[in-house]
Amino acid sequence: MAIKWRIEPYEVAGWAGGYEISTVVRGIPLSGGDLDCIEPDPPDPRAREALSLDDRFDALTRCRLTGELPCTVVVSGVRRAEVVRFRLDLTPDTQRDKLRLSLTLNGATYETDCHAFETGLRELIAALPEGTSLVCCYTCLYADYSPVSGPIMGMRCYREAKEQYLAVKTELDIWNVPATEAVPETYLCSQYRVRIPGTGYRG
């Protein structure tokens, strides 16, 4: 069944801004902060009959989610709009590599199985032909991941604390840098700069 995903920013007082993922499945509005914690919003008594929900957290489970995320790609120096496709397997027997990412360019499809966008995009980018790259938060000079175990999708943008972030050398350093917001890896803003290897916590 085809569904439409929305990713919209939100602000929380005292915290860096984030985003919410939302959709509608079988007439039930759903939302969450990550792809593996999508739940009825608002709570709906019809949800347990219409959907497969986790007994503890009421999040979608025992299903496979697919979608397309807009992304800018540079091919031979020219930017163009493309999509990164994802397929997330939330069935109980999936122990690892539950996420598949793919990108189709000029008739060729590049894909990888992974556990999160952090590792998956690295592998996907490595598989692209010479002269091709992604232009997005993942490849931006001012974006990084938290040192703690992260979500399936999403990273932190430090564009409003550029100098502090660029001075980061260790895991401890990054805790002192205020994040501007949490963003999906494929997002792109006007302050994008190509990442320099060795920058920040993730190098």
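Residues numbered from 1 in each chain as written. Predicted model: local features only at pLDDT ≥ 70, side-chain atom pairs only at ≥ 80, totals over all residues. Heavy atoms only, no water.

(A) Focus on the layout of surface pockets. Taken as a whole, the second largest pocket encloses approximately 400 Å³ of empty space. Lining the second largest pocket are 21 residues, and of these I7, E8, P184, T186 and Y187 lie nearest its centre. Residue assignment for the lining of the second largest pocket shows that the elements contributing at least two residues are β1 (6-10), β2 (18-25), β5 (64-75) and β12 (181-183). Considering each element in turn, the lining of the second largest pocket owes the most residues, 5 residues, to β5. For the lining of the second largest pocket, the residue count by class is 13 nonpolar, 3 polar and 5 charged. (1 Å grid on protein atoms, 1.4 Å probe; cavity = no way out; pocket = protein on both sides within 12 Å on 5 of 7 lines; lining within 4 Å. Points joined across faces, edges and corners; volume = space filled by probe spheres on them. Helix = DSSP H or I, 4+ residues; strand = E, 2+ residues; numbered from the N terminus. Nonpolar A, V, L, I, M, F, W, Y, C, P; charged D, E, K, R; others polar.)

(B) Broad picture of the sheet that holds strand β9 (residues 132-135). Reading across the sheet, the 5 strands line up as β8-β7-β6-β5-β9 and stay open at both edges, with antiparallel pairing between neighbours. On the outer flanks of this sheet lie β8 (108-114) and β9, each paired with one strand and no other. Going from strand to strand, the sheet's axes swing by 35 degrees on average, the running direction of each strand aside. By the bridge criterion, 7 bridges tie strand β7 (residues 99-105) to β8 in an arrangement that is antiparallel. Note on β8: the bridge partner recorded for T104 is T109. (Pairing = 2+ DSSP bridges. Axes fitted to C-alpha atoms, helices over the stretch in contact; angles between N-to-C directions.)

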